[in-house]
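One-letter residues, chain by chain:
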Amino acid sequence: VTLPRDTRVPGGIAILDLGASDESPGAVYYGEYRAPVVRTAGGWKAVVGIPLATEPGKQTVRVATPQTGDKDREIAFTVAPKAYATQSLTVEPRKADPLPEDLKRIDSESERTERALATYTETFAPTWRWTVPVPGERSDSYGKRRVFNGLPRKPHSGMDIAAPAGTPIRNPADGRIVEAGDFFFNGNTVFVDHGHGVSTMYCHLSRIDVRTGDAVKAGDV
């Protein structure tokens, strides 16, 4: 198994050693999210995504042991600081300073997003081998602090890929559609569950050709 690179910074990934026993070490939780656990030649590993908003310093995950009566244990790791660039953009005024009716919609969509990202499916697991969803030039926009019309907003948590409108977007690995629709900030958006807490998200689509619940294979549009 080729796992992602260990990059213990805000917006990065921590690969944590869980031991080399024959039995599964149990479920691993980082905050309220469950992290994937993978068996490798070097033993069991947890693949922990670190949110961009994480403050540098000590962090812990909780390991819920499968044996009844055993206490959960904690594993500590350290998040190092990382300086991301700041990007100032001029956007439609409502996107920078939403109206009251927009805020109600945004709150509802935030709940849908959280449900999609909190999905943990045990019946299938990610392959950790990903194809490129769209051909095109990739920007270094991930993690940039965004300023919309002079107002500071959340950092950019995705990767921008330049491609003409209507370019087919191909699913990078087997999975299941867990959410799809038109979102206030993201436009047409699709969330794909790849198993064991790993998801991908696609935004600003010209149209959506899948529906929630659809099974998708690697390469499907």
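Residues numbered from 1 in each chain as written. Predicted model: local features only at pLDDT ≥ 70, side-chain atom pairs only at ≥ 80, totals over all residues. Heavy atoms only, no water.

A few points about the environment of T167
Now for step 1: Here T167 shows up in the loop between β12 (161-162) and β13 (175-183).
Now for step 2: On the basis of relative accessibility, which here comes to 24%, the residue T167 falls in the partly exposed class.
Now for step 3: C-alpha of T167 to C-alpha of S24: the two residues are 143 residues apart in sequence and 42 Å apart in space.
Now for step 4: The contact partners of T167, leaving out residues within four places of it in the chain, are V134 and P135. (Helix = DSSP H or I, 4+ residues; strand = E, 2+ residues; numbered from the N terminus. Buried < 20%, exposed > 50% of the residue type's maximum accessible area, 1.4 Å probe, protein only. Contact = heavy atoms within 4.5 Å.)

Re unusual backbone geometry
Now for step 1: Even without being glycine, N149 reaches a positive phi, approximately 50 degrees.
Now for step 2: As for its position among the elements, N149 is in the loop between β10 (145-148) and β11 (151-153).
Now for step 3: On the basis of relative accessible area, N149 is assigned to the partly exposed category, the value being 34%.
Now for step 4: Positive phi is not limited to glycine here, since H196 has a value of about 55 degrees.
Now for step 5: Counting through the fold element by element, H196 comes out in the loop between β14 (187-193) and β15 (199-205).

Observations concerning the packing of aromatic side chains
Now for step 1: Following the criterion strictly, the structure yields four aromatic pairs and no others.
Now for step 2: With a centroid separation of 4.9 Å and 85 degrees between ring planes, the pair formed by F184 and F185 is classed as edge-to-face.
Now for step 3: One Lys or Arg, R34, reaches over the ring of Y120 and ends 4.1 Å from the middle of that ring.
Now for step 4: Above the plane of the ring of F184 lies K95, whose end atom (NZ or CZ) is 4.0 Å from the centre. (Phe/Tyr/Trp six-rings, centres within 6.5 Å; stacked < 30°, edge-to-face > 60°. Lys NZ or Arg CZ within 6 Å of the ring centre and 35° of its normal.)

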